[in-house]
Amino acid sequence: MVTLDKLAHEMGLTHVCGDTDREICGCYAGDLLSWVMSHAEYGHVWITIMSNINVIAVAGLTEVACVVLAEGVQLDPDAREAAEKQNVCVFTSPLSTYELCTLAGKYINE
Amino acid sequence: MGENIRFHFDVDGDDFSSAGAASVEVKKQLRKLGFSPDVIRRVAIAMYEGEINMVIHADGGTVDVEVGDEDITMILSDRGPGIADVEKAMQEGFSTARDNIRSLGFGAGMGLPNMKKYTDDMKIETALGLGTTVIMKVNV
């Protein structure tokens with residue numbers, strides 16, 4: 001299994017906050033929060049373009065390993081505060097969701 | 001376990017930033033009590049969906065959680081408009097949420113189906129104009 005540290009480095013992600021000392025076992029991409037809650041799993045990388053505070057709540061409840069904000073989206077200030085408080089790991093990237101998924105797939109399946 | 005442990009929360013209406021606070025707190029408490037990650041995840045997600053529903057549709061409400069020897073019961077009560085057609089509301093993809101709710105990532109019509117999916121038993125008591133109570137149980 002790849003570690004989040006290594007994966008983030010390989011994918012060129014920018015770290016915003018939260019611990020990166022986790023193992024990654026999969027990836028889920030989606031923006032509708034109930035779908036994410038229904039399908040994302042513990043240890044997944046969650047790729048989304050949503051950046052509001054509810055994203056942090058969902059990440060915490062599903063226990064995904066991290067949230068990756070695609071397309072250069074930045075975390076809302078109140079969401080960042082919540083992420084830091086709950087120790088939810090967040091990254092940003094200028095890449096599209098598709099590009100991030102293909103990259104993640106390459107390293108997760110290695 | 002001896003006497004059942006109970007939690008009570010008030011959920012503010014129209015406040016998406018604090019929605020989820022009750023679920024996060026319950027999750028923390030269940031972890032302290034030593035429940036399995038699967039049980040904790042199911043309770044937390046079902047409760048969060050319920051909280052969000054109360055914020056979107058009912059101007060808030062209350063959540064009561066009771067931790068028993070055999071199951072965890074969540075009772076979510078509101079004084080909102082009630083659900084006109086429960087069967088329809090239970091269908092995946094059916095939603096009456098406004099567009100501004102969708103822009104926050106909600107309103108996919110998956111809330112009640114997720115609550116059913118993650119619990120072992122779910123009952124909805126609703127009356128138009130009076131409110132809705134959802135009772136969910138997760139076996140431990």
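Just so we're clear, the structure is a prediction, and the values are computed from it rather than from any experiment.

Chemist: Sorry if this is basic, but what is going on with the overall build of chain B here?
Modeler: A count of helical and extended segments in chain B gives 5 helices and 5 strands. For chain B, the succession of helices and strands along the chain, N to C, is β-α-α-β-β-α-α-α-β-β. Each of the three principal axes of chain B carries a C-alpha extent, and together these read 45 × 30 × 25 Å. Burial statistics for chain B: of 140 residues in total, 39% are counted as buried. Expressed as a percentage of contacts within chain B between residues at least 6 apart in sequence, the contacts between residues at least 24 apart total 62%.

Chemist: Looking at this structure, I do not really get the environment of A:Val55. What am I missing?
Modeler: Residue and element names in this part refer to chain A. Mapped onto the elements, Val 55 comes out in helix 3 (residues 53-62). According to the C-beta neighbour criterion, Val 55 is buried, with 27 such atoms within 10 Å. As for Val 55 and Asp 76, which are separated by 21 residues in sequence, their C-alpha atoms are 10 Å apart. Those residues in contact with Val 55 that sit more than four places away from it in its chain are Thr 48, Met 50, Val 67 and Ala 79.

Chemist: What is the right way to look at the nonpolar core in this model?
Modeler: A general feature of soluble globular proteins is that nonpolar side chains tend to end up buried together. Counting 73 residues, the largest nonpolar core has A:Val45, A:Cys66, A:Val67, A:Val68, A:Val90 and B:Val43 as its most contacted members. Per-element tally for this core: the top contributor is helix 2 (residues 37-57) of chain B, with 11 residues. Those residues in contact with A:Val67 that sit more than four places away from it in its chain are A:Trp46, A:Thr48, A:Val55, A:Ala59, A:Val88 and A:Val90.

Chemist: Even after reading the chapter, I still don't get the sheet that holds strand 3 (residues 71-78) of chain B, so can you show me in this structure?
Modeler: The strands making up a sheet are joined through hydrogen bonds of the backbone, oriented either antiparallel or parallel. Residues and elements named next belong to chain B. One open sheet accounts for 5 strands, arranged 1-2-3-5-4; its pairing is antiparallel. Since the sheet does not close on itself, it has two edges, and those belong to strand 1 (5-12) and strand 4 (121-127), each with one partner. The mean angle between the axes of side-by-side strands here comes to 10°, regardless of whether they run parallel or antiparallel. Strand direction decides the pairing type here: strand 4 and strand 5 (residues 131-139), joined by 7 bridges, are antiparallel. Its bridge partner being in strand 5, Asp 121 is matched across the sheet by Lys 137. Strands in contact with helix 1 (residues 21-32) are strand 1 and strand 2 (60-67); relative to strand 1, the strand with the most contacts, it is inclined by about 160°.

Chemist: Could you clarify how one ought to interpret unusual backbone geometry in this entry?
Modeler: In this model, A:Glu63 sits at a positive phi of 60°, which is unusual for a non-glycine residue. Secondary-structure assignment places A:Glu63 in the loop between helix 3 and strand 6 (66-69). Exposure remark for A:Glu63: the 18 C-beta atoms within 10 Å place this residue in the partly exposed category. Here the phi dihedral of B:Asp59 falls at roughly 60°; this positive angle occurs in a residue that is not glycine.

Chemist: What exactly am I supposed to notice about the environment of B:Asp121 here?
Modeler: All names here are of chain B. With respect to the helices and strands, the residue Asp 121 is situated in strand 4. Along the sequence, Asp 121 and Val 67 sit 54 residues apart, while their C-alpha atoms lie 15 Å from each other. The residues contacting Asp 121, other than those within four sequence positions of it, are Met 136 and Lys 137.

Chemist: Quick question: what am I supposed to make of the sheet that holds strand 7 (residues 90-92) of chain A here?
Modeler: All names here are of chain A. Read from one edge to the other, the open sheet built from 5 strands follows the order 2-7-6-5-4, with strand pairing classed as mixed. In this open sheet, the two strands that pair with only one neighbour each are strand 2 (14-17) and strand 4 (26-29). Here the average twist between neighbouring strands, direction ignored, is 25°. In this sheet, strand 7 lies alongside strand 6 in parallel orientation, the contact comprising 3 bridges. Bridging from a neighbouring strand, Val 67 pairs with Val 90 of strand 7.

The rules behind these values
- Residues numbered from 1 in each chain as written.
- Chains lettered and ligands numbered in written order.
- Predicted model: local features only at pLDDT ≥ 70, side-chain atom pairs only at ≥ 80, totals over all residues.
- Helix = DSSP H or I, 4+ residues; strand = E, 2+ residues; numbered from the N terminus.
- Buried ≥ 20, exposed ≤ 12 C-beta atoms within 10 Å, placed from the backbone.
- Contact = placed C-beta atoms within 7 Å.
- Core = buried A, V, L, I, M, F, W, Y, C linked by C-beta atoms within 7 Å.
- Pairing = 2+ DSSP bridges.
- Axes fitted to C-alpha atoms, helices over the stretch in contact; angles between N-to-C directions.

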